[in-house]
Amino acid sequence: MRYNFEEEDGGRQSEDVEWLPLQHHPVFSTPPDRDRDRDSSTFTVPKNLLAWDGASRLYFWDSYRTCLHRLSVVLGEPDPTSLLAASPSKVLQADVQLNFEVQRISINRNGSTLFLVGLDGLYVMYLYGRTSTKENTIICRTVLVGSEIYFDRNSPIRTLKVCWHPYSDTHLGILSSDSVFRVFDLSLALGQPEQEYYLQPVEPGSLHNATAICPVDFSFGGDHMWDRFSVFVLFSDGSVYILCPVVPFGSVYKWESVLELYSDAHMFGLKSANSKAVINSNLAISWLGATFPELTQKEVHTENVSVLRAQPYALFDAAISLQGPLRKVSHGVEDDSVHPPVCEGRAVSFLYDLVSKDSILVTAWSGGQLQIDALADEVQPIWKVGSPPRVCLDSTDSIVGLAMICESLSSDTSILKLDLPPGHTLWLGHPPPLLRLAIVDLALPRRSGSVLSMFVDPIISERIYCLHDGGIDSVVLHFLPFTNPTRGKEDMMRSPSVHPVLSTFQGEASSATPVSGFLALSDSFGDSWIVGLTPSNECIVVEMETWNTLLPPIIDKADKLIGAEVPKDTDISTIISKELLTGPRVVLLPPSSPHLCSVAADSIEGRSTLHQYFKLFHENYVEYAHKVYFELQHHAPHVKRIIDDQHSRLCKAQQKILEVERKQEKIEDRVEHAVRFHSELEERLQSLRHLPAAHKRSLSKAEREFKSELDRFSGVELDALRSSIGAVNARLKRYAHSPQANRSNEQRQLSVRRKSHVQENEMSLLKALLEKLSVVNSENAKKVKVVESALKCREIGTS
């Protein structure tokens, strides 16, 4: 058991270390920062103040003390179901003052760096770059990232999602509200990004709702084909777009994976009969060859190279295309809809999950639904030729940064059919279609307004954890189209199973307490745990089953043919078999002759009869007694375990009853107080009903339409009109005081004198036009006054 080990910060063996269950660790008894919780309650940003390095260190951000706790944890020792943590914990303090509330923390792959992100800041803490140590507190170097772009006082841009790149320890991907995806290299520059991708999901000149082009979330792809070079971006209307290829400079990839893509482009792209496929594959081959130069070197062998490091490169005459929106298809049926009407609200979260051969995309909606789709085709890179990127070079002509505008290309949706041959759409530049797997309704309360966040189980990739205001739910996928395809009509598509893991909902939306921290831990033996953190800094540990999660339901074929139902209690283990409960079999006496009474016991006939009786008695009663004795001996520990369990449950129930009795008086006082408060509210309501404003009628249909038109004016056209009027007035003032204006006035007077011979009918026409123009100006001024008065009334009404 690993109870004593050397700490990396001091190099000395830890002394006086106490191993406690994680949920009972003293760091989780710290009271939360009530003021910050009250301020952050207005925002709908999911919190996650827990992080795990994947081995033996767990990190917890303490909002009350504004410090980071590092806990050494032991999984599955000494009991396979236990989760222990070392006490006291190591305290990591930032060397700068953090003047914002931390909403989420996340650690990189090698466990050396952790970022702290909130609504007003993004800092990176180097966990092993400490400067000094005092009072068991490690002072770590902490720096601000993207201060020149995101957190400037004059900049309204805010970060929407921050995530570590899965193939680099120093690169961060950031999606911001200005529809730009940026990649930062923490080893070189913290203020300026390494790569910038300006997302243009709507074609220029097309009419589209402004809310539909707002980005919401993004996710990096997994270790599968071109997915490892892809970025999936979700927009608020539920549409999903793909950026491919996006590779951080210096990121590391497997040799076999990149070589597979290189060979695939040569085999299927260059040999295609379609010229467009040949052009696209040539671009991909040139990009792969320049990004990974080892692919084109003949002296490099597979046994000598295991990984490849990406070199800075970009096509100088082409920009990456924004592929999408991804459309839904089915077998032989086209569906051009981006999302079905059953999903309510707007898209709030996105998750990419790689399960064997299937790339799963999960979209969470504010109405409490999960839209689960699978990519029906492979992702391939697409460039827009003729749109050169902006490249930044150093003194050696090496690329140190790039920026490009990523526009969506119009694609032919008539090819979205699954029954087409594989080579029909290969390398033609079409975005991969989506195959709808299921739509899961979590049955959240309508008034909750929950923001959902999702995580993948580290052991079972088919299981997805969904966090919301009501707690944590587990969603398990039982059908994957490419990993386990259906073999016939008998194999039906099993819908995902949803199981609540942790519930914090108490009946009303206002009483729901969202989880402020979540982790999914696993060890090498296949055991899995869930660690949750409540807003009151209470830690919850739940052990998750893994061995029987994906087992299909067992149905007897004979019963299936007959149509009989499967009994619900077939899995209940019996303590004593039914044969023993029914007792021994009835002993049937052997046939005896009528002269049996006159036979002597020591005669041959008597001995034979006694032997038969003894044999029957031994077979029925003695063997039955041996069976009873053996089974009772075998089930004695099981019965004892059941009795102990029932006894412990009885003790817990008695303790809960005593607690309920103690709290009964307090509950009665609270009920009386609630009744009095309710009566006071009724009195206030009756008094408010006598006010004049209470008798106002509801708006008519025409008034509602006029109100919506005023809202549109106030949001768009009124601001534009005011800005244009201000600009015209400023230009008019500058022109009136300039010498050119005076000179033009003199020239105009001379021209008027020279043109005194103008006919009277033309003068009258000019006067009429001037009068019409004055009338138009007066009407516009009246409309502006009406709009301003309506806006003032609306502000007074809302206040």
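By convention here, each chain's residues receive numbers from 1 onward along its written sequence. Restriction of local features to residues with pLDDT of at least 70 applies here, the model being predicted, together with a cutoff of 80 or more for giving and counting side-chain atom pairs; totals for whole chains, interfaces and linings are based on all residues. Hydrogens and waters are ignored; side-chain quantities use all the structure's heavy atoms.

Notes on the overall build of the protein
Quick note on the threshold: Secondary structure elements follow DSSP: runs of H or I no shorter than four residues count as helices, runs of E no shorter than two count as strands, and numbering proceeds from the N terminus. Accessibility here uses a 1.4 Å probe with only protein chains present; expressed as a share of the type maximum, an area under 20% marks a residue as buried, one over 50% as exposed, and anything in between as partly exposed. In this description, contact between two residues means that some pair of their heavy atoms is separated by no more than 4.5 Å. Accessible areas in this description were obtained via Shrake-Rupley with a 1.4 Å probe; residue shielding takes into account the shown protein chains only.
A tally of regular secondary structure across the protein gives 9 helices and 37 strands. The buried share among the 799 residues of the protein stands at 39%. Put simply, of all contacts in the protein between residues at least 6 apart along the chain, 62% involve residues at least 24 apart. Counting only carbon and sulfur atoms, one obtains 55% of the accessible surface of the protein, whose full area is about 48000 Å².

Looking at the environment of proline 496
Looking at where proline 496 falls in the secondary structure, it is placed in the loop between β33 (471–476) and β34 (497–503). Overall, the relative accessible area of 18% leaves proline 496 in the buried class. Contact partners of proline 496, with chain neighbours within four places excluded, come to Ile372, Ala438, Val440, Val475, Val476, Leu477 and His478.

Details of the environment of glutamate 543
Mapped onto the secondary structure, glutamate 543 falls in strand β37 (residues 539–544). Sequence-wise, glutamate 543 and isoleucine 530 are 13 residues apart; in three dimensions their C-alpha atoms are separated by 6.3 Å. With sequence-adjacent residues up to four places away left out, glutamate 543 is seen in contact with Thr81, Ser528 and Trp529.

Notes on the nonpolar core
Here is the rule we go by: Residues belong to a common nonpolar core when they are buried Ala, Val, Leu, Ile, Met, Phe, Trp, Tyr or Cys residues joined through side-chain atoms within 4.5 Å.
Of all hydrophobic cores here, the largest spans 65 residues; its most connected members are Phe181, Tyr197, Phe229, Leu243 and Leu288. Element by element, the count of residues in this core is highest for helix α3 (residues 275–291), at 6 residues. Those residues in contact with tyrosine 197, other than ones at most four positions away along the chain, are Ser179, Val180, Phe181, Leu243, Val246, Ile320, Leu402, Met404 and Cys406. Ranked by size, the runner-up nonpolar core spans 37 residues in total, among them Leu50, Ala51, Ile107 and Met125.

Let's talk about the pattern of salt bridges
Let me state the cut-off plainly: A pairing counts as a salt bridge when a side-chain nitrogen of Lys or Arg comes within 4 Å of a carboxyl oxygen of Asp or Glu.
In the structure shown here, the tally under the stated rule is 11 salt bridges. Aspartate 373 is paired through a salt bridge with arginine 436; the nearest N and O atoms lie 2.3 Å apart. Residue aspartate 373 is found in strand β26 (residues 369–375), and its partner arginine 436 is found in strand β30 (residues 434–441); the two are separated by 63 residues along the sequence. Across the pair, arginine 436 and aspartate 373 agree in class, each one buried. Among the salt bridges present, the one from aspartate 457 reaches arginine 463, with a minimum N-O distance of 3.5 Å. For the pair shown, aspartate 457 and arginine 463 are each scored as buried.

Brief notes about the confidence of the model for the protein
Operational definition: Note: pLDDT gives the predictor's confidence per residue, expressed from 0 to 100.
Mean pLDDT for the protein: 79, with 75% of residues reaching 70 or above. Ignoring residues within four places in sequence, the model shows residues 1–14, a span with pLDDT below 50, making 31 contacts including any to other chains. Low pLDDT, under 50, characterises residues 38–43; the stretch is placed with 4 contacts to residues that sit more than four places away or in other chains.

Observations regarding empty space enclosed by the protein
The test is simple: Only protein atoms enter the 1 Å grid used here. Points where a 1.4 Å probe fits but cannot escape make up a cavity, open sets with protein on both sides within 12 Å along at least five of seven lines make up a pocket, and a residue lines them when an atom lies within 4 Å of a point. Grid points are joined across faces, edges and corners, and a volume is the space filled by probe spheres set on the points.
This model, assessed by the stated rule, comprises 4 cavities of 30 Å³ or more. The volume enclosed by the largest cavity comes to roughly 160 Å³. Lining the largest cavity are 19 residues, and of these Tyr197, Pro245, Trp287, Tyr313 and Ala314 sit closest to its centre.

Remarks on the packing of aromatic side chains
We apply this condition: Between the rings of Phe, Tyr and Trp (Trp by its six-membered ring), a pair exists once the centres lie within 6.5 Å; its type follows the angle of the planes, with under 30 degrees stacked, over 60 edge-to-face, and the other angles tilted. Our definition puts a charge over a ring when NZ of Lys or CZ of Arg is within 6 Å of the ring centre and also within 35 degrees of the ring normal.
One pass over the full model with this rule turns up 22 aromatic pairs. A ring pair is formed by phenylalanine 232 and tyrosine 352, whose centres lie 5.1 Å apart and whose planes are at 20°; its orientation type is stacked. Here phenylalanine 232, found in strand β16 (residues 231–235), pairs with tyrosine 352, found in strand β24 (residues 347–355); they are 120 residues apart in sequence, far enough to count as distant. Relative accessible area serves as the criterion here: at 0%, phenylalanine 232 is assigned to the buried category. Through a chain of ring-to-ring contacts, the aromatic side chains of Tyr167, Trp226, Phe229, Tyr253, Trp287, Phe292 and Trp427 assemble into a single cluster. One Lys or Arg, lysine 161, reaches over the ring of phenylalanine 218 and ends 5.5 Å from the middle of that ring.

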